[in-house]
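Breakdown of the fold
Below are the chains, spelled out letter by letter.
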Amino acid sequence: MPDPLPAMIVKGLEQGSKLHKLWEASDRDKALKDLAPRIRGLATGGGLTRMDGTFLSRLPKLEIVSSYGVGYDNVDVKWAGERGIIVTNTPDVLNEEVADTAIGLILCAVRQFPQADRYLRDGKWLQKPFPLTATLRGRTLGIVGLGRIGKAIAKRAETFGLKIAYHGRNRQADVDYKYFASLVEMARAVDILLVITPGGAETKHLVNAQVLEALGPEGVLINVARGSVVDEAALIEALRARKIMTAGLDVFANEPRVPQELIEMEHVVLFPHVGSASVHTRNAMGQLVVDNLLSYAAGRGPLTPVAETPWPREKSGAH
Ligand code: NAP
Ligand code: 8YV
C-alpha cells in the first residue's frame, strides 16, 4: 500500500495477506527497493503516488493493482495491460450515492441553497427575504456520459420532471432519452449540462469554451466526473462574464487545490469531492478493494477487472 487508505481496507488486507505500508517507511525509496522482489499486489486510490510506468516498473513481480474508486485515471492501464498486470476498480457499489450527490449539486446550484443558508446565518433575513432563484420546472438535463452513474442520475432527474438528453461516443439501444452525437449541439439544447464521464486523456477538456458558450447565459454546468474533463480556465471565464448562469462542481483540475477565482464567486457551488463520501458507500468500495486482492491471491481471479486489463488475461505478461 503506497499511500494511506481507510482503516477497514488496511484491516482486511492485514487479515488475508502480508501488507506493507510504504507510507510508514522512513526511507520510502529504500523500502520500495527492498520489498520489490516480493510485491505481487498493490492497493491504491486517491493518494499521491501515480500508478504510472515509472512507479509500476519498480515492482517486477507485480500481478494486480486494486484501485479504490470507479474512476482509474490515476493508473496507467495501458502500461499494465501490455504487461499482463490486472487493474481492478470499484464499480456499481457507489452508483446511487454519487447520483444522490449529483442531484444535490443540481438543486444547490439552481436553487442556491448554500447561499440561502449563508444568508440566514449572516442575519440578512432580518432585513429582507432571500432573492428568488431559478427553477427546475420545465428544464432539460443533458448528461455527458450516460453510464452506470449517469443512468442512476437520469432515473432520479425524471422523477423531478426534468427532460433528459445525453451525449456519449455511442447511442444506447436500451434508453429512450434523446441522443446527441455532438456535445455542442446538446449544450445548446439543454438548460443543465451534467458531466459524468471517466477522466484521462480521452476526455480532457471535453467541456471547453465553445460548449459553455452553447450552454448560454441561463445555463448550469454540473461536474461530478473529473476536473480534467472541463477546461477550468474557460469555465472561470464563462462564469466571470456570465456566459453561463452558474456551476456546481464536485471535482477540480488540481485537487485539493481549488482556484481562488471560483472560491470568491458567490454564485457557484463547490463540493470537496464528496460524490461517494458516505460511510456506507466508502465501506462497500473498500471491501471491493480487499476482495479483489484476496480473491486473486486465492486463485479465484479478480472480481472487477477494468476493461483494459481483462480476466482471464488476453496476453501473458512480458513484465
Ligand atoms: P461508466 O459506466 O463507464 O460510464 C461512463 C460513460 O462515459 C459511458 O456512458 C461512456 O459512453 C461515456 N464516455 C466515455 N468516454 C467518453 C468520451 N470520450 N466522450 C463522451 N462520453 C464518454 O462509468 P461510471 O461508473 O458511470 O463512472 C463515470 C465516472 O464518474 C468515473 O470514471 C469517475 O471519473 C467519475 N466519478 C466521480 C465520483 C465523484 O466522487 N465525484 C464518484 C464516482 C465516479 P460511451 O462509451 O458511449 O462514450
Ligand atoms: C472517490 C471517485 O472519491 O470512485 C471514484 O472515481 O471519484 C470517488 O468515489 C475516490 O475514488 C476515492 O479515492
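Rules and cut-offs
- Residues numbered from 1 in each chain as written.
- Chains lettered and ligands numbered in written order.
- Predicted model: local features only at pLDDT ≥ 70, side-chain atom pairs only at ≥ 80, totals over all residues.
- Heavy atoms only, no water.
- Buried < 20%, exposed > 50% of the residue type's maximum accessible area, 1.4 Å probe, protein only.
- Helix = DSSP H or I, 4+ residues; strand = E, 2+ residues; numbered from the N terminus.
- Pairing = 2+ DSSP bridges.
- Right-handed = clockwise from strand over helix to strand, strands pointing away.
- Domains from an automatic or database assignment.
- Contact = heavy atoms within 4.5 Å.
- Buried area = accessible area lost by both parts, 1.4 Å probe.
- Salt bridge = Lys/Arg side-chain N within 4 Å of Asp/Glu carboxyl O.
- Near = heavy atom within 4 Å.
- Polar contact = N/O pair within 3.5 Å; in protein donor to acceptor, adjacent residues only side chain to side chain.
- Areas by Shrake-Rupley, 256 points an atom, 1.4 Å probe, with all protein chains shown as cover.
- Nonpolar A, V, L, I, M, F, W, Y, C, P; charged D, E, K, R; others polar.
- Axes fitted to C-alpha atoms, helices over the stretch in contact; angles between N-to-C directions.

Another aspect to go through is the pairing of strand 9 (residues 246–249). Side chains Thr246 and Gly248 project from strand 9 onto one buried face, and the interleaved Ala247 and Leu249 project onto a second face that is buried too. Taken together, the four bridges between strand 8 (residues 220–223) and strand 9 define a ladder with parallel strand orientation. Residue pairing across strands places Val220 opposite Thr246, the latter belonging to strand 9. Traced from strand 8 through helix 10 (residues 232–240) to strand 9, the parallel crossover comes out right-handed.

Now for the domain arrangement of the protein chain. We note that the domain assignment places domain 1 (7–93 + 279–297) and domain 2 (95–270) within the protein chain. Computed from C-alpha atoms alone, the centre-to-centre distance between domain 1 and domain 2 is 32 Å. Taken together, the contact between domain 1 and domain 2 spans seven residues of the former and seven residues of the latter. Taking both sides of the interface into account, the surface hidden between domain 1 and domain 2 amounts to around 590 Å²; carbon and sulfur atoms contribute 41%. At the boundary of domain 1 with domain 2, the tally comes to one salt bridge.

Looking now at the site of ligand 1. The local shell around ligand 1 holds 28 residues, among which Arg148, Ile149, Arg169, Asn170 and Asp250 are the closest. Between ligand 1 and His273 there is a distance of 3.2 Å, counted from an oxygen atom to a side-chain nitrogen or oxygen. Protein coverage of the free-state accessible area of ligand 1, which is 930 Å², stands at 88%. Residue composition of the shell around ligand 1, by class: eleven nonpolar, twelve polar and five charged.

One open sheet accounts for seven strands, arranged 6-5-4-7-8-9-10; its pairing is parallel. Two strands close off the open sheet at either side, each with one partner strand: strand 6 (178–180) and strand 10 (269–270). In this structure, strand 5 (residues 163–167) lies alongside strand 6, joined through three bridges in parallel fashion. Residue Ala165 lies in a different strand from strand 6, and its bridge partner there is Lys178. In the packing of helix 7 (residues 148–159) onto the sheet, the strands contacted are strand 4 (140–144), strand 5 and strand 7 (192–195), and the crossing angle to strand 4 comes to about 175 degrees.

Here we come to the pattern of salt bridges. Throughout the structure, instances matching the rule amount to 15 salt bridges. Between Asp100 and Arg156 there is a salt bridge, with its nearest N and O atoms 2.8 Å apart. Note that Asp100 is positioned in helix 5 (residues 95–111) and Arg156 in helix 7, a separation of 56 residues in sequence. The exposure class assigned to Asp100 is partly exposed, which follows from its relative accessible area of 39%. Within the structure, one salt-bridge network assembled from shared partners comprises Glu14, Lys21 and Glu24.

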